[in-house]
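# Observations on chain architecture
Chain by chain, the residues:
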Amino acid sequence: YQVFVDRKKALGDLPPDERIVAERLGVPLDVVAVGNVTREDEVLLGGSQVSDRDHTGTLGAFAVATGANAHVPAGTPLLLTNHHVTPTTGRLVGRSCPCDCWCCQCGDFGRVVDSPAVTSAVDAAISSLHPGVRFSNHVIGIGPLRGTVAAAMGMRVAKFGITTELTFGQVQ
C-alpha cells in the first residue's frame, strides 16, 4: 500500500501520532514522496467508478504492460475493467465531469486500448492512463495487490464492485 506525501521527513522529526506504520495487517506500507499532494479522491483506486460516458462500472485494478503486449509499450500503467463497462477501443475513460456533459476532458484519465468481444470466458477491457494520473495498487474493501499468481481451478477470489461491493467467488 502506498501513502503519498509532499516530502518525506526523518522519523525523529515527526510526533508519534503523525508517523505512518511500516506495516498494517501484515502488508508493508510504502511512503512515497510525490510533491504537491492533492486531494485523496485524485488518486485512483481499484473498486472505484469508471465510465466511458455511455457505460459506467467498476475500475477493477491496475497492471503494467509486459513486453508481450501489442497495444502499448512495456511498462505502461494500465487500468483493468470489463468489456461491458468500456466496450469501445479508443474512447476516453474517466469519472463523470462536474458538468456531466463530457464536452471537455475534465473527468477523463485514460483511453481504452483493448476491449475484446465478450465470450463465455472473457469480459475484459484495458485502458492506458494519461501521463501524471496518480493510482494505487489498493482495491477498496480488499487492500493492496502485490505480485502475480496463475489462476487455478478452485482458487478463491474476491472483487469489489460499485454496485455489488465486496463479493467472493471461485475459479471454475
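For the structure itself, consult the block above.
Residues numbered from 1 in each chain as written. Predicted model: local features only at pLDDT ≥ 70, side-chain atom pairs only at ≥ 80, totals over all residues. Heavy atoms only, no water.

This part takes up the pairing of strand 12 (residues 125–129). Most of strand 12 is tucked away, with five of its five residues classed as buried. In the sheet, strand 9 (residues 77–81) pairs with strand 12 via four bridges, with the strands oriented antiparallel. Looking at the pairing, Leu-78 lines up with Ser-128 of strand 12. Looking at chain direction, strand 11 (residues 108–114) and strand 12 are connected through four bridges and run antiparallel. Across the sheet, the residue bridging to Gly-110 is Leu-129, located in strand 12. (Buried < 20%, exposed > 50% of the residue type's maximum accessible area, 1.4 Å probe, protein only. Helix = DSSP H or I, 4+ residues; strand = E, 2+ residues; numbered from the N terminus. Pairing = 2+ DSSP bridges.)

Applying the stated rule across the entire model yields two salt bridges. Ionic pairing is found between Asp-52 and Arg-91, a salt bridge with its closest N-O pair at 4.0 Å. In this pair, Asp-52 is assigned in the loop between strand 6 (49–51) and strand 7 (56–58) and Arg-91 in the loop between strand 9 and strand 10 (92–94), connecting sequence segments 39 residues apart. Taking the relative accessible area as the measure of exposure, Asp-52 reaches 1% and is therefore buried. Arg-91 gets classed as partly exposed once you look at its relative accessible area, which sits at 23%. (Salt bridge = Lys/Arg side-chain N within 4 Å of Asp/Glu carboxyl O.)

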